[in-house]
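Understanding the architecture of this molecule
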Amino acid sequence: MRRVLSVVLVLLMLCQGGMGSETDRMIAYVGNWQPCPTSEQTASYTELLIAFAVTYQWSPGKNICNTQCVIGSPVPICNNQPNAALVSKWQSEGKKVILSFGGAGMGGSWASSNDDCWEHCFGKEDFVVDQLVNIVSVQGFDGVDIDYEYYYENGQKGSSFSKGAEAQKFLREVTQKLRSRLPSNKIVSHAPMDSDMVKGTGYYNVIKSVAGDLDFLMPQYYNGVVRPASAFTANDQTALTHFTDLVDDVFSGDATKVTFGFCISDCPGYNTQSSTAVQVVQRMKTHFPCNGGVFFWVATHDTQGQWSRTVAAELGSNCGNTTPKPPTPPTPSPPPTASPPQTPRPPTLAPTPKPPSGVTCQIWNSCGATPDCCPTGTSCYKQDQ
């Protein structure tokens, strides 16, 4: 009897975050070139991911990569500016503020992306981790998220990419070394495109190999294989199969490790209004009562906090209230025929930041020879050449 009670207590602690796992997450990406979110917007957030720490200077057509993989710092929080006071305020409210390293500007695995800055970081895993650990310490972040949307297999998607082994080694070692170097209370996560988390892909296998080093995984369920609006419905089993693979095969049945990613308004064909997101969460809970919550792109589109507030109200976990059945592979069903086939589009979680209209000197641009190159009210940061 004591053993049974112990198991029950452990399960309850896992579902309530007592052993490092959490449910009911409402994670918001904050574009650090965008306006700072208001208190009304952040009221329901549990974590804020600052997007992004990068190794390039923005340039039209193709970003200018730092060939030594030097990460620009200090990393802006919002409005293109560092803001230690705002980070401290959010943390005082019980929120985690996490640094997101990467984004589309570092390189994407779609035809229209010319950026390849990730390639300059392959083989420099220790240097990358040194920099990230230092930035976390100096700026007081609560951990590091890896937002990798670049190639990881040779010839992937018909490309000429030939550094698959190097890319997978980079992803694996950076994750492992962040976990070993950061304090135990710091978070390590990944936010891959859902198409990169299909069982058997190189990135999926990397995540499976480092699952024990991750606090949670944030698949972007708006970049390819899953249509959020129909996720977990009887006529669309794609999300259930995908989510189940991650829960059962990668995290050994712990659904609190997997969050469901939404896009509010940046992703044509995948945008999800709050009422639809609530329905998705309800359906997800029927399969995974004790789940990892949700995340969304991006805070600036969470007008007056309406989206996050509405969805957060539905997140209340069923942990301990039901006895979830082990997920089983769904019965194959014919693909839905109501909509015509969709043409693949470039992912949009991590758009390449562009300076506001009329401003030419920003965090991603070189300062030039003199300090007066920046317009009044903006700041310029020297980048290593």
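Further up the page is the structure itself.
Quick summary incoming for the structure in this document. (Residues numbered from 1 in each chain as written. Predicted model: local features only at pLDDT ≥ 70, side-chain atom pairs only at ≥ 80, totals over all residues. Heavy atoms only, no water.)

1. Re the pairing of strand β2 (residues 47-53)
Within β2, seven of the seven residues are buried, leaving the element largely enclosed by the surrounding structure. Taken together, the five bridges between strand β1 (residues 26-31) and β2 define a ladder with parallel strand orientation. Bridge pairing in β2 places A28 opposite L48. Pairing of β2 with strand β5 (residues 96-102), which is carried by six bridges, proceeds in the parallel orientation. The residue of β5 that forms the bridge with I50 is L99. (Buried < 20%, exposed > 50% of the residue type's maximum accessible area, 1.4 Å probe, protein only. Helix = DSSP H or I, 4+ residues; strand = E, 2+ residues; numbered from the N terminus. Pairing = 2+ DSSP bridges.)

2. Some thoughts on the state of the cysteines
Scanning the model with the defined rule gives four disulfides in all. The disulfide bridge from C36 ends at C78, spanning 2.0 Å between sulfur atoms. One quick way to see it: the torsion about the S-S bond of C36 and C78 is about 85°, and its sign makes the bridge right-handed. Highlighted residues: C36 in the loop between β1 and α2 (39-42) and C78 in the loop between β4 (64-65) and α3 (84-92), separated in sequence by 42 residues. What pairs with C263 in a disulfide is C267, and their sulfur atoms sit 2.1 Å apart. Taking the sign of the torsion about the S-S bond as the criterion, the disulfide between C263 and C267, at about 80°, is right-handed. Given the relative accessible area of 0%, C263 is considered buried. (Disulfide = S-S within 2.5 Å.)

3. With respect to the sheet that holds strand β8 (residues 216-217)
The strand order across the open sheet formed by eight strands is β8-β7-β6-β5-β2-β1-β10-β9, and the pairing between neighbours is parallel. Two strands bound the open sheet, and with one partner strand each, they are β8 and β9 (260-263). Two elements, strand β6 (residues 143-147) and strand β7 (residues 187-190), share four bridges in a ladder whose sense is parallel. From the neighbouring strand, V144 faces β7, where its bridge partner is V188.

4. Here's the deal with the pattern of salt bridges
Applying the stated criterion across every chain, the model contains eleven salt bridges. K208 is the partner of D249 in a salt bridge, and the nearest nitrogen-oxygen pair spans 2.9 Å. Of this pair, D249 sits in helix α7 (residues 238-250) while K208 sits in helix α6 (residues 202-209), placing them 41 residues apart in sequence. When its relative accessible area of 23% is taken as the criterion, D249 is described as partly exposed. When the shortest N-O distance is used, the salt bridge between K285 and E314 registers 3.5 Å. Of the two residues, K285 sits in helix α8 (residues 274-287) while E314 sits in the segment after α9 (306-312), which places them 29 residues apart along the sequence. Connected through shared salt-bridge partners, E125, D126, K169, E173 and K177 make up one network. (Salt bridge = Lys/Arg side-chain N within 4 Å of Asp/Glu carboxyl O.)

5. Here we look at the packing of aromatic side chains
According to the stated counting rule, one finds 25 aromatic pairs in the structure shown. Pairing Y152 with Y203 gives two aromatic rings, centres 5.8 Å apart and planes at 55°, and the pair type is tilted. With a gap of 51 residues between them, Y152 in the loop between β6 and α5 (164-181) and Y203 in helix α6 connect regions that are remote in the sequence. Considered together, Y152 and Y203 belong to a single accessibility category, that of buried residues. Taken together, the aromatic side chains of F101, W118, F122, Y148, Y150, Y151, Y152, F161, F170 and Y203 make up a single cluster linked through ring pairs. The ring of Y270 carries R227 above its face, with NZ or CZ at 4.2 Å from the centroid. (Phe/Tyr/Trp six-rings, centres within 6.5 Å; stacked < 30°, edge-to-face > 60°. Lys NZ or Arg CZ within 6 Å of the ring centre and 35° of its normal.)

6. Considering the packing of helix α4 (residues 125-139) against α5
Their axes nearest at 9 Å, the elements α4 and α5 cross at an angle of 40°. Considered as vectors, α4 and α5 are oriented oblique to each other. Remark: the crossing between α4 and α5 carries right-handed chirality. Across the interface between the two elements, E125, D126, V128, V129, D130, L132 and V133 from α4 touch E166, K169, F170, E173, V174, K177, L178 and R181 from α5. (Axes fitted to C-alpha atoms, helices over the stretch in contact; angles between N-to-C directions. Parallel < 35°, antiparallel > 145°, perpendicular 65-115°, else oblique. Left-handed = near helix turned anticlockwise from the far one by under 90°. Contact = heavy atoms within 4.5 Å.)

7. A few points about unusual backbone geometry
P74 follows S73 through a cis peptide bond whose omega is 0°. Along the polypeptide, P74 turns up in the loop between β4 and α3. Between W297 and the following residue, V298, the backbone shows a cis peptide bond with an omega angle of 10°. Phi is positive for C69, close to 60°, though the residue is something other than glycine. With respect to the element layout, C69 can be found in the loop between β4 and α3. Located in the positive-phi region is S252, a residue other than glycine, with phi close to 50°.

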